[in-house]
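Analysis of the macromolecular model
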Amino acid sequence: MAKPDSKPKQNSKPKAKKHYRPAGKKKEGNAAKYVTRSQAVKHLQVNLPLFRRLCILKGIFPREPKKKVKGNHHTYYHVKDISFLEREPLLEIFRDKRAHEKKVKKAEAKKNPDLAKRLRTRAPTYKLDKVIRERYPTYIDALRDLDDCLTMVHLFAALPALEREKIEVQRIHKCRRLSHEWQAYISRTHKLRKTFVSVKGIYYQAEVEGQKITWLTPHALQQVMPDDVDFNVMLNFLEVYETLLAFINYRLYHSINVKYPPILDPRLEALASDLYALSRYFDVNYRTSVVEPQVSSTSGSEQVETQKVGTASDESELRLAQLQHQLPSNEPGALMRLVEDDAGDGEDDDTRECKKLFRNLKFFLSREVPRESLLFVIPAFGGVVSWEGEGAPFKEDDQSITHKIVDRPTLVRTSLSREYVQPQWVYDCVNARVILPTEDYMVGKIPPPHLSPFVDHESEGYVPEYAETIKRLQAAARKEVLPLPGVGSEDLEDPQKLLSEGIIDRAEASEAAERKRKMILEQNRYLDELKMEVEGVQNSSTPSDNKQSSSKETEAREESEPDLEQIVEDYANMSKTVMSRRKRKIYEAMQIGKQRKKAHVDLLKERKKKIQAAKDSEEN
């Protein structure tokens, strides 16, 4: 039976087919620029830990594309970064290491210890020197990225060695050596600028080649190893940072004509006095660098003889250590004196100021104070320091000691010729760049608040009381005049105020008052002429008429002067109406931040008032 012909409906539209990308056509847009992490791992044919390690070593980080093609729950990388990793020589070395580890495990499984031992000695090795040169083309680029490097190296220098976390003893010693080499250079060249003791640790800031470098060192306490930290990732970062810091130390040491790596006194190394051993090493190398130019100016025969002697002395690498033993151990000037006056021709003003802060001061450290931090800070500002224990440059009974750093609740004074202060006094003097009075820092007293040098109190809107005291001490050291408490800076321009305070005499006060009166008259005359020019009035009247009119206009101006706060508010509202929505939201967020800042400042002022009221009530 034949079926009737089925005709399509007249009003039906043809269904649109879904667009598919042809097989030969390339991807476009974000789909072609970015790949997910799983796609990158599959493309490189590595596992996820090895991919993370390669990204850390090469400095490749995830990207945030505007449109995430695969979804928001994926991590995206740039296609060029992945192709850059694909041609990396380290990738082949890591594959060889993985194959070599399989061979070692196979030999151990077959109970062949000799073969396993031979295979371990032939393990593939690699260096990151080329990687560092690729990531940091110039020396300044490396210095700019040194903050995290120094913090990580100082952190591992204070950690205990744990086999289960793959933290080896040799790695801890290497971090400790690199950190001490950096500190020795900063202390030697007086590059330290700021320091702050916080709960997290001790913050330092140095200035090297015009770059400000800030790092954090942990306190010298027993470190607790948390369980939620992936130490494998941190060890991968540490691997890069060790090589980077070694490059930086090499460049810095050669910039001051000191051989790197340094050869230290083994006796001081055994006593854990590495920083002091480095200071002795600097002193020996500085003496040799001073003697060498004098030798070069001798006659030809003498030069030949000195070359023979030099070649004979270079045969032994322990020559520097022997020179250190020849130095007198009880002479702090030969051991702890840093850059001499004649070697500071290329120094800037900050370096000269830091160099003279603790000059002619001699410190002795008790055993309970943070020794390594003070051994780093005090010589960096020109002081001489010793400690309680073996290997110290001078003993406690030395009569030339000016300050003893003690951190005990009570102490019996054994010498009247020295000051007994708490460690905070050293850090506050460093931040203020002036020798502060020691009365508030004596043993057993609660010291003043330890203010952070990284905070600008004036921009924050609240200046602590002790910050104002330090400011006055700095002005007294520079022989400047500051307003007294409760007096504004504009009061310094009033000669009557200065006369009543005894800062200037009567003749100087009368001269200053006359100059101020003339300046006010000239200013009013200029404003009047400017107003007449704007209104189009020609200045054709007599001087007497000008004076009378100017005085009347000045009085009228003062009476009709509008409220400045109202003008500012009206201008802000008018500007806000013409803003776009995005800019208006940003402006409102800024105002909210200012209000929060003001509320915080008001809270601090209220607390200060309550504390002052409590003190007054106790005194009464």
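Refer to the structure presented above.
Note that the coordinates shown come from a computational prediction; the quantities given were computed from them, not determined experimentally. (Residues numbered from 1 in each chain as written. Predicted model: local features only at pLDDT ≥ 70, side-chain atom pairs only at ≥ 80, totals over all residues. Heavy atoms only, no water.)

**Some words on the overall build of the protein chain**
Our working definition: Secondary structure elements follow DSSP: runs of H or I of four or more residues count as helices, runs of E of two or more count as strands, with numbering from the N terminus. The buried label applies to any residue whose accessible area, calculated with a 1.4 Å probe on protein chains only, is under 20% of its type's maximum; exposed applies above 50%, and partly exposed to all values in between. Residue contacts are counted whenever heavy atoms from the two residues lie within 4.5 Å of one another. Using the Shrake-Rupley algorithm and a 1.4 Å probe, accessible areas are obtained, with residue cover drawn only from the displayed protein chains.
Helices and strands together make up the secondary structure of the protein chain, namely 26 helices and 9 strands. By the burial criterion, 34% of the 620 residues in the protein chain qualify as buried. Residue pairs in contact within the protein chain that sit at least 24 positions apart in sequence constitute 61% of those at least 6 positions apart. Of the roughly 41,200 Å² that the protein chain leaves accessible, carbon and sulfur atoms contribute 52%.

**Structural notes on the pairing of strand β3 (residues 192-197)**
Short version of the rule: Criterion used throughout: strands pair if DSSP finds at least two bridges between them.
Pairing between β3 and strand β4 (residues 202-208): 5 bridges, direction antiparallel. What sits directly across from F196, in β4, is Y203. Where β3 folds back on β4, the antiparallel hairpin that results is connected by 4 residues.

**Some thoughts on the packing of aromatic side chains**
Quick note on the threshold: Each pair of aromatic rings taken from Phe, Tyr and Trp, with Trp reduced to its six-membered ring, is defined by centres within 6.5 Å and is described as stacked if the planes are under 30 degrees apart, edge-to-face if over 60, and tilted in the remaining cases. By definition here, charges over rings are those cases where NZ of Lys or CZ of Arg is within 6 Å of the ring centre and within 35 degrees of the ring normal.
Taken as a whole and assessed by the stated rule, the structure comprises 13 aromatic pairs. Seen in terms of ring centroids, F358 and F381 are 6.4 Å apart; in terms of plane orientation they differ by 65°. Their pairing is edge-to-face. Of the two residues, F358 is situated in the loop between α17 (349-355) and β6 (362-365) and F381 in the loop between α18 (371-380) and β7 (384-387); the sequence distance between them amounts to 23 residues. For F358, a relative accessible area of 0% corresponds to the buried category. Linked through ring pairs, W182, Y204, W215 and F376 together constitute an aromatic cluster. Sitting over the face of the ring of Y139, R251 holds its NZ or CZ atom 4.2 Å from the ring centroid. Cation over ring: K362 sits above F394, and NZ or CZ is 4.5 Å from the ring centre.

**Here's the deal with the packing of α18 against helix α19 (residues 423-432)**
Test applied: As a rule, the C-alpha atoms of each element are fitted with a line to give its axis, helices using only the stretch in contact, and angles between N-to-C directions run from 0 to 180 degrees. The hand of a helix crossing depends on one turn: near helix anticlockwise from the far one by less than a right angle means left-handed, and clockwise means right-handed. Amino acids are sorted into nonpolar (Ala, Val, Leu, Ile, Met, Phe, Trp, Tyr, Cys and Pro), charged (Asp, Glu, Lys and Arg) and polar (every other residue, Gly among them).
With their axes 11 Å apart at the nearest point, α18 and α19 run at an angle of 35° to one another. As α18 runs across α19, the sense of the crossing is left-handed. In this structure, α18 uses S373, L374, V377 and I378 to contact α19, whose residues at the interface are V426, Y427 and V430. Among the residues making up the contact of α18 with α19, the classes are represented as 6 nonpolar, 1 polar and no charged.

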